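So you can see what is in the structure, the chains are spelled out below.
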Amino acid sequence: MAEGFKTADPLEYHKSFLKENCRPDGRELDEFRTTTLNIGPISTAEGSALVKIGNTAVMCGIKAELTVPPSDTPNKGYIVPNVDMPPLCTSKVRSGPPEEQAQAASQFIADVIESSEIIRKEDLCIQKEKLCWVLYCDIMCLDYDGNLLDTCIVALLAALKNTQLPKVTINKDTDVPEVDLLQKSPININKHPIGSSFAVFDNTIIIVDPTGDEESLATAVMTLVTDEEGRLCALHKPGGTALSGEKLQHCIGRATTRHREIMKLVDKIIASMKK
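To keep things clear, this report deals only with the structure shown in the data block.

About the cut-offs
- Residues numbered from 1 in each chain as written.
- Predicted model: local features only at pLDDT ≥ 70, side-chain atom pairs only at ≥ 80, totals over all residues.
- Heavy atoms only, no water.
- Helix = DSSP H or I, 4+ residues; strand = E, 2+ residues; numbered from the N terminus.
- Rg over C-alpha atoms; globule rule 2.2 N^0.38 Å.
- Buried < 20%, exposed > 50% of the residue type's maximum accessible area, 1.4 Å probe, protein only.
- Contact = heavy atoms within 4.5 Å.
- Areas by Shrake-Rupley, 256 points an atom, 1.4 Å probe, with all protein chains shown as cover.
- Lys, Arg positive; Asp, Glu negative; His and termini not counted.
- Charge placed at Lys NZ, Arg CZ, Asp CG, Glu CD.
- Patch = residues over 30% accessible without salt bridge, like charges linked within 9 Å, V, L, I, M, F, W, Y side chains within 5 Å.
- Salt bridge = Lys/Arg side-chain N within 4 Å of Asp/Glu carboxyl O.
- Pairing = 2+ DSSP bridges.
- Axes fitted to C-alpha atoms, helices over the stretch in contact; angles between N-to-C directions.

Focus on the overall build of the protein
Then comes step 1: When you go through the protein residue by residue, the secondary structure sums to six helices and twelve strands.
Then comes step 2: For the protein, the C-alpha radius of gyration of 21 Å lies close to 19 Å, the compact-globule estimate for 275 residues.
Then comes step 3: Considering only C-alpha atoms, the protein reaches an extent of 75 × 40 × 40 Å along its principal axes.
Then comes step 4: Per-residue burial for the protein yields a buried fraction of 45% across its 275 residues.
Then comes step 5: Counting only contacts in the protein whose residues sit at least 6 apart along the sequence, the fraction spanning at least 24 positions is 66%.
Then comes step 6: For the protein, the accessible area works out to roughly 14,000 Å², and carbon and sulfur atoms hold 50% of it.
Then comes step 7: Charge separation in the protein, taken as the distance between the mean sites of 30 positive and 39 negative side-chain charges, equals 4 Å.

What follows is the structure, encoded as C-alpha cells:
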C-alpha cells in the first residue's frame, strides 16, 4: 500500500512523513546518513579515497604531473578537478556527453578549491617560471542517491591528505628536472573544507543530506561549505525558493557541526593507517 502511494503521489508521500518530523528512511530532519571512508584504495594514484554517504558512493584519485607554471602566476601550480557521473551510477544518466549535473559539480568543486584555499598553489611550484606540479583530481560517482557535492568534497579532501609527491630538483647543468621516487612527502593541506547539503519543502521545512528522491521533490536545494574556523567558503543554491536569514543561519550552524563530525572521521581513519 505504501509503495503504491509513493508511486502515485511521491510528493504527498514524503510530506506525510515530514509532517511527523521524520523521513521515509527513518531519519530525523537534521540527521545525516551514515558516512564511511576508505583512504588510499587506488595504488597507482598519488592519493585516493572512497567515500559513501548513504547509498551515494564517490571515488577520488589524484594524479600529479610536472608542467610549466602559468604566465600570469609564475609562482603557482595547478589543481584541476573533474567530476564524472557515468551511466552505471544511476538510471537517470544516459550515455553520451557529460551530464549537466556533473559539469556543475566540477565547476563547484573548482570554486571550493579556490575560495577555501585548501592547498596554497604556491606550494605546488618547484621553481618560479620553470616548473610546477599540476594535480588532476578525478572524481567519479559510482552510485548516486542524492547529495553528490558533499560526498565529492569529502573524497577530494581525503584523497589530497593521502597524496604524496616525489622530490624534484632541476639539474643546474642540463636544466632538466630530476625526480626521486624514493623520497616522497605529503602535500600541505592549508584548509579543510567540508560540505553540508540541505533541501527545502514548502518554503518552511528544511532537511539535511537529501536522497535522490528528496532532491527531485524539494522546492530548493542548497550546499554550504565551511572550514575548521567556521568560515563559510562557498554556497551553492541553483534557484528555487528563497531562504530567510534566520533559516540560513540555522543551516550554517548545522554545517559547522557537520564539519567537526567529518573531520573526526577523517582523522580517525588516517590515525588507524599509521598504526
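Focus on a nonpolar patch on the surface
Then comes step 1: A cluster of nonpolar side chains, Leu 66, Val 179 and Leu 181, forms an exposed patch at the surface whose accessible area comes to about 260 Å².
Then comes step 2: For Val 179, a relative accessible area of 43% puts it in the partly exposed group.

Section: the pattern of salt bridges
Then comes step 1: Overall, the coordinates contain 13 salt bridges when judged by the stated rule.
Then comes step 2: The shortest N-O distance in the salt bridge between Arg 27 and Asp 209 comes to 3.3 Å. Pair noted here: Arg 27 is in the loop between α2 (10-18) and β1 (35-39) and Asp 209 is in the loop between β10 (205-208) and α5 (212-217), with a separation of 182 residues, a long-range link.
Then comes step 3: Salt-bridge contacts for Arg 258 lead to Glu 261; the nearest nitrogen and oxygen are separated by 3.9 Å. Residue Arg 258 and its partner Glu 261 are both found in helix α6 (residues 245-274); the two are separated by three residues, about one turn of the helix.
Then comes step 4: Looking at Arg 258, the relative accessible area reads 5%, which means it is buried.

Quick notes on the sheet that holds β10
Then comes step 1: Spatial ordering of the open sheet is given by β10-β9-β11-β12, a layout of four strands whose pairing is antiparallel. Both edges of this open sheet fall to β10 and β12 (232-236), since each of them pairs with a single strand only. With direction set aside, neighbouring strand axes in the sheet form an average angle of 25°.
Then comes step 2: Bridging between strand β9 (residues 194-201) and β10 involves four bridges; their strand directions are antiparallel. Its bridge partner lying in β10, Ala 199 is registered against Ile 207.
Then comes step 3: In this fold helix α4 (residues 148-162) packs onto β9, β11 (220-226) and β12, with an angle of close to 175° to the strand it touches most, β9.

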